[in-house]
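In case you want the letters, here they are:
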Amino acid sequence: MVSLTRWTARMNASREVKSVELPNCKLIKGIETGAEDLEILPNGLAFISSGLRYPGVKSFEPDKPGKILLMDLNKEDPTVLELKMTGSNFDASSFNPHGISTFTDEDNTVYLLVVSHPDVKSTVELFKFQEEEKSLLHLKTIKHELLPNLNDLVAVGREHFYATNDHYFVDQYMRSWELYLGLAWSNVVYYSPDDVRVVASGFDFANGISMSPDRKYVYIAELLAHKIHVYEKHANWTLTPLKSLDCDTLVDNISVDPVTGDLWVGCHPNGMKIFSYDPENPPGSEVLQIQNILAEEPKVTVVYAEDGKVLHGSTVASVYKGKMLVGTVFQKALYCEF
């Protein structure tokens, strides 16, 4: 059997957080049930995925559907607005949003792709963003046998994306054993309407996925191995492993600064506290900035870290013109100015 020592090491269970504070941060009003993922458009509009219900992880509103929030970071004191979701075949009552990604067409139409878990299944919901109406028009639900346990995705077209499956098994009992044994059977899939295939595998809980600004490299977070992997993307959509970066934390979602190419990563310093939630000893939060990831020695900076007094379980961080948003799995979100 797997030793308890290996399990606790994968969970970083003995890690205590050394506080790294930022002077100009405040909690975002209107976010109480998580901001598991977020994406900021080049014009400063931020989409936020809120209300995730994920097996084995705390939820403060387990009976309510999730939602997509909008925040305009160009405003002096930005607030969140819930986007109305429309579409004749869309069931908003079962919406359970996880990872998100946007794709902007040649005519500047913005499409939002959302991983959702209706009834503990996995789908990708495709929406068209209607900025004037502040709404999302549902266009399509994407399902496939190679997309059974979706976590995150990065769009490379309106209906084209790379996505992570964070488990191999679908059955909850088998998933728990897969997690405990550290089988490292999760993977990354390339999806298009005409071509669906596994392009990378062997991960111990594949999590966040993103892409370099020049679209040449794909970044994959391997949560329980504490690694970020860099893959080279080819014209035929295959991926070739290039390098891996070890991190002393459980790496969740990856955002890429379109200006500098820096990676911003929401992390769990102690994973045991996420999977075994105790309000008296809540999970901490940590944000990494990774500069020059392709270099022999990338520069890794802990930009923000705290022990759960403010945020429980950070999953994502993203920046825009001296401002930063930090989201969590199931709790609050933070707005900071540098």
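Residues numbered from 1 in each chain as written. Predicted model: local features only at pLDDT ≥ 70, side-chain atom pairs only at ≥ 80, totals over all residues. Heavy atoms only, no water.

1. A closer look at the layout of surface pockets
Convention followed: Cavities and pockets were defined on a 1 Å grid built from protein atoms only: a cavity is a group of points that admits a 1.4 Å probe but offers it no way out, a pocket is an open group of points flanked by protein on both sides within 12 Å along at least five of seven lines, and a lining residue is one with an atom within 4 Å of any such point. Grid points are joined across faces, edges and corners, and a volume is the space filled by probe spheres set on the points. Strands here are runs of E lasting at least two residues and helices are runs of H or I lasting at least four, both read from the DSSP assignment and numbered beginning at the N terminus. Classification used: nonpolar for Ala, Val, Leu, Ile, Met, Phe, Trp, Tyr, Cys and Pro, charged for Asp, Glu, Lys and Arg, polar for all others including Gly.
In this structure, the largest pocket spans a volume of roughly 830 Å³. Lining the largest pocket we find 35 residues, and of these Glu39, Ile40, Pro42, Val256 and Pro258 sit closest to its centre. Those elements that place two or more of their residues in the lining of the largest pocket are β2 (37-40), β7 (97-104), β11 (150-155), β15 (206-211), β19 (250-256) and β23 (314-320). Looking at the lining of the largest pocket, the element that brings in the most residues is β7, giving five residues. Partitioning the lining of the largest pocket into residue classes produces 20 nonpolar, nine polar and six charged.

2. Thoughts on the side chain of Ser318
Spelled out, the test is: Only protein chains enter the accessibility calculation, which uses a 1.4 Å probe; a residue is then buried when its area is under 20% of its type maximum, exposed when over 50%, and partly exposed in between. In this description, contact between two residues means that some pair of their heavy atoms is separated by no more than 4.5 Å.
Residue position: Ser318 is located in strand β23. Note on Ser318: relative accessible area 9%, which makes it buried. When sequence neighbours within four positions are dropped, the list of residues in contact with Ser318 reads Leu38, Ile40, Ser255, Lys323, Met324 and Leu325.

3. Regarding empty space enclosed by the protein
With the rule as written, the count across this model stands at two cavities of 30 Å³ or more. One number sums up the size of the largest cavity: a volume of about 170 Å³. Forming the walls of the largest cavity are 17 residues, and the residues nearest its centre are Val57, Phe205, Asn207, Asp252 and Val329. Of all elements in the fold, only β19 and α3 (272-275) reach the threshold of two or more residues within the lining of the largest cavity. Of the residues in the lining of the largest cavity, the class split is nine nonpolar, six polar and two charged. Reported here for the second largest cavity is a volume of approximately 50 Å³. Around the second largest cavity, the lining comprises 13 residues; the ones closest to its centre are Asp166, Glu178, Leu179, Asp204 and Phe205. Here the residues of the lining of the second largest cavity are counted per class, giving seven nonpolar, two polar and four charged.

4. Considerations on the UniProt feature "binding site: Ca(2+)" (unreviewed entry) in the chain
Under the convention used in this document: UniProt positions are given in the numbering used here, feature names are shortened, and annotations may be inferred rather than shown by experiment.
As recorded in UniProt, the sites labelled "binding site: Ca(2+)" (unreviewed entry) are Glu36, Asp37, Ile100, Asn151, Asp152, Asn207, Asp252 and Asn253. A maximum C-alpha distance of 13.2 Å places the annotated residues, which cover 218 residues in sequence, within one compact spot. Filtering the just-named annotated residues for those lining the largest cavity gives Glu36, Asn151, Asn207 and Asp252. Looking at the element boundaries, Ile100 is found in strand β7. A relative accessible area of 2% places Ile100 in the buried class. With residues near it in sequence (within four places) discarded, Ile100 still touches Asp37, Leu38, Glu39, Phe47, Ile48, Ser49, Ile68, Leu112, Leu113, Val114, Asp152 and Leu153.

5. Focus: the sheet that holds β15
Note the following rule: Here the rule is simple: two strands pair whenever DSSP picks up at least two bridges between them. The axes used here are C-alpha line fits, helices contributing only the stretch in contact, and every angle between their N-to-C directions lies in the interval 0 to 180 degrees.
Across the sheet, which stays open at both edges, the four strands sit in the order β15-β16-β17-β18 with antiparallel pairing between neighbours. Of all strands in the sheet, those bounded by a partner on one side alone are β15 and β18 (239-246). Strand-to-strand twist across the sheet, computed as the mean angle between neighbouring axes with direction ignored, equals 25°. As paired strands, strand β16 (residues 217-222) and strand β17 (residues 227-233) are joined by six bridges and run antiparallel to one another. Residue Ile220 lies in a different strand from β17, and its bridge partner there is His229.

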